[in-house]
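Understanding the architecture of this molecule
Residues per chain are reported as follows:
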Amino acid sequence: MTLRLFNTLTRSVEPFEPLAPPRVTLYTCGPTVWNYAHIGNFRTFVFEDVLRRYLEFSGYQVVHVMNITDVDDRTINAANGARVKLPEHTAPFVRAFFEDRDYLRLEPATHYPTATGHIPQMVALIQRLLERGVAYRGDDGSVYFAIERFPAYGRLSRVERRDLKAGARVSSDEYAKEDARDFVLWKAAKPEDETAGAAWDAPFGRGRPGWHLECSAMSQQYLGETIDLHAGGVDLIFPHHEDEIAQSEAATGKPFVRVWLHGEFLLVEGTKMSKRYGNFLTLRDLSEAGKDPAALRFLFAGTQYRKQLNFTDASLEAAHVGTQRLAELRARLEKTGGSARGAPLAPLGERLRAEFTAAMDDDLDTPRALAALMEYARAANAALDAGGESAEDRRGALDLFDRVAGVLQVVGRSQVVAVPVSVAAAGRAQVAATIERAGEALAAPGAGENLDTWAAAVAEARRAARMAKDWSRADLARKLLAEQGYEVRDNPDGSPLLLRKRPPAAT
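This text gives an overview of the structure that appears in the document. (Residues numbered from 1 in each chain as written. Predicted model: local features only at pLDDT ≥ 70, side-chain atom pairs only at ≥ 80, totals over all residues. Heavy atoms only, no water.)

Some points on the sheet that holds strand β4 (residues 61-66)
One open sheet holds the 4 strands; their spatial order is β4-β3-β10-β11, and the pairing between them is parallel. Both edges of this open sheet fall to β4 and β11 (257-263), since each of them pairs with a single strand only. For this sheet the average axis-to-axis angle between neighbouring strands, irrespective of direction, equals 20°. Inspection of the sheet shows strand β3 (residues 23-28) paired to β4 by 6 bridges, in the parallel sense. Note that in β4 the partner of Thr 28 across the bridge is Met 66. Contacts between helix α1 (residues 39-57) and the sheet are confined to β3, β4, β10 (227-233) and β11, with β10 contributing the most and set at about 150° to the helix. (Pairing = 2+ DSSP bridges. Helix = DSSP H or I, 4+ residues; strand = E, 2+ residues; numbered from the N terminus. Axes fitted to C-alpha atoms, helices over the stretch in contact; angles between N-to-C directions. Contact = heavy atoms within 4.5 Å.)

A word on the environment of Ser 142
For Ser 142, the location among the structural elements is in the loop between β5 (135-137) and β6 (143-145). Judged by relative accessible area, which is 5%, Ser 142 ranks as buried. Between the C-alpha atom of Ser 142 and that of Lys 187, which follows or precedes it by 45 residues, the distance is 4.7 Å. (Buried < 20%, exposed > 50% of the residue type's maximum accessible area, 1.4 Å probe, protein only.)

With respect to the packing of aromatic side chains
Applying the stated criterion across every chain, the model contains 19 aromatic pairs. Centre to centre, the rings of Phe 42 and Phe 97 are 6.1 Å apart; their planes meet at 20°, and the pair counts as stacked. Taken as a pair, Phe 42 in helix α1 and Phe 97 in helix α3 (residues 86-103) lie far apart in primary sequence, 55 residues in all. Each member of the pair, Phe 42 as well as Phe 97, is classed as buried. Ring centres of Phe 145 and Phe 183 lie 5.1 Å apart, and the angle between their planes is 15°; on these two criteria the pair is classed as stacked. Taken together, the residues Phe 145 in strand β6 and Phe 183 in strand β8 (residues 181-188) connect sequence positions 38 residues apart. Residue classification places Phe 183 among the buried residues on the basis of a relative accessible area of 1%. Members of the aromatic cluster, joined through ring pairs, are Phe 42, Phe 45, Phe 97, Phe 98 and Tyr 112. (Phe/Tyr/Trp six-rings, centres within 6.5 Å; stacked < 30°, edge-to-face > 60°.)

Some remarks on the packing of helix α11 (residues 345-361) against helix α13 (residues 391-408)
The interhelical angle for the contact between α11 and α13, taken along N-to-C directions, is 15°, at an axis separation of 10 Å. Between α11 and α13, the angle is such that the two are roughly parallel. The two elements α11 and α13 meet at a crossing, and its hand is left-handed. Along its contact with α11, which presents Leu 345, Ala 346, Gly 349, Leu 352, Arg 353, Phe 356 and Met 360, the element α13 presents Asp 393, Arg 394, Ala 397, Leu 400, Arg 403, Val 404, Val 407 and Leu 408. Split into classes, the residues belonging to the contact of α11 with α13 amount to 10 nonpolar, 1 polar and 4 charged. (Parallel < 35°, antiparallel > 145°, perpendicular 65-115°, else oblique. Left-handed = near helix turned anticlockwise from the far one by under 90°. Nonpolar A, V, L, I, M, F, W, Y, C, P; charged D, E, K, R; others polar.)

Here we look at the pattern of salt bridges
Tallied over the full model, the rule gives 32 salt bridges. One salt bridge connects Glu 194 with Arg 206, and the closest N-O pair in it is separated by 2.7 Å. Taken together, the residues span a long stretch of sequence, with Glu 194 in helix α5 (residues 191-196) and Arg 206 in the loop between α5 and β9 (207-209) at a distance of 12 residues. We classify Glu 194 as partly exposed; its relative accessible area is 33%. Ionic pairing is found between Arg 258 and Asp 228, a salt bridge with its closest N-O pair at 3.7 Å. With Arg 258 in strand β11 and Asp 228 in strand β10, the pair connects residues that are 30 residues apart, well separated along the chain. Residue Arg 258 is classed as partly exposed on the basis of its relative accessible area, which comes to 32%. One continuous salt-bridge network, built from bridges that share partners, spans Asp 73, Asp 173, Lys 187, Asp 193 and Arg 208. (Salt bridge = Lys/Arg side-chain N within 4 Å of Asp/Glu carboxyl O.)

A short note on helix α6 (residues 213-223)
One full turn of an α-helix is made of 3.6 residues, so residues set three or four places apart face in the same direction. Counting buried positions over the 11 residues of α6 gives 9, a clear majority of the element. What α6 keeps buried is the set Leu 213, Glu 214, Cys 215, Ser 216, Ala 217, Met 218, Ser 219, Gln 220 and Leu 223. Taken from the residues just after α6, Gly 224 is the one with a positive phi, measuring 100°.

Quick word on the pairing of β11
When you tally the buried positions in β11, you get 6 out of 7 residues, the bulk of the element. Looking at chain direction, β10 and β11 are connected through 6 bridges and run parallel. Across the sheet, the residue bridging to Ala 231 is Leu 261, located in β11. Crossover connection from β10 via helix α7 (residues 237-252) to parallel β11: handedness right-handed. (Right-handed = clockwise from strand over helix to strand, strands pointing away.)

With respect to helix α9 (residues 293-301)
A large share of α9 lies buried, amounting to 9 of its 9 residues. Within α9 the residues assigned to the buried category are Pro 293, Ala 294, Ala 295, Leu 296, Arg 297, Phe 298, Leu 299, Phe 300 and Ala 301. Residue Asp 292 occupies the N-cap position of α9, its side-chain oxygen lying 3.0 Å from the main-chain nitrogen of Ala 294. (Polar contact = N/O pair within 3.5 Å; in protein donor to acceptor, adjacent residues only side chain to side chain.)

Pasting the structure below:
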């Protein structure tokens, strides 16, 4: 099976065939940096990240461009409201976006062009449109695109041409589908633009670019006149992406994008998450609450990108449980050792690879892909419990697990702590002392910095207590570990497997 994707332009699922394989050109609409991006925005960014990662998993070489909108109506209004120049207002939000990107494990794009850094390219594009007669100067000094001179207008959004208000003009960046009319390419400078430092000289008058223009200019700059994939949220289909098509194809005479992909909304209690509705949650809120970013990605992966997803605290917590199961499996696979008998993990890995790729090839069906990964975790844990895997088999399974799970980035932060074996040889009295003094050891200077070492010693002392059938002290050791966020399990050979399940409690 080859990768098949739902193309918004044709409203059908089509085999993906890049123009110049193995190279794939991908353009995604990035943040508008007037404020912090919310997790609804990041649902789209995660879907695009999964798309890119799966393309690379499949052997493609992706050139990914994500723009940063640092000049538009909202950024200018926000800068003037804060009584600062535009760059001073947007810079902190640009930094915040990159911090959020890293927190959520988004693979960095190849290029992050800013709108203000590409004014000459936008001016040149407008000049081409004026020369071709599909753009004109309005009586307000702005430059507009004449939609009646581009017969293909409306193909993407399926806006009815009979409803187009030819000759009527709209200069705002965002407007409704019912208001389709000539859209602004270049806005004549107003006092508020000058105040914010958001005006530039151009042959057709001093002003600033319209919002839609930047993506056309920057995609041509970095990816050429025709690109393989363009992705964004469903709210961008009209007017933003429709206008991108018009100005790009009118200027070049070539198809702008071969496949359009759009992700659905993230809902909160059935309502679209939006700053406009005041129900938005930022990644900073989740980070400050100590949430594992893998849990949010797990939650997102549980719903296919073209379906709406309702966010709740309960669903995020359930997703966290799933990430921990995957983290625990990875910890077991990473553990060195094994016998020289058989390879029980290999057939499981072959099935995982087949089921995962079949799901992802089917228009990025991440719920099926995630289900395949979770079933593998169940089966692989059972195989490890039974024993018989070789060290080589374990390493191969870990490599495959990392490759597959790496596409979705849903493995939690739990990790195995190395357990020394020296305590196990100690006498019963020393084992008892180790456990009984474990609580006192936590209060010792520097104990917080060496908590893993403390936990390892207590886990091994618990093992020795169990071997001596000293069940009360073994239970005490498990309780002490649990209080500090550790879980101890027993491998088939009796050795302890120590997992750090959550950040340790303050000491």
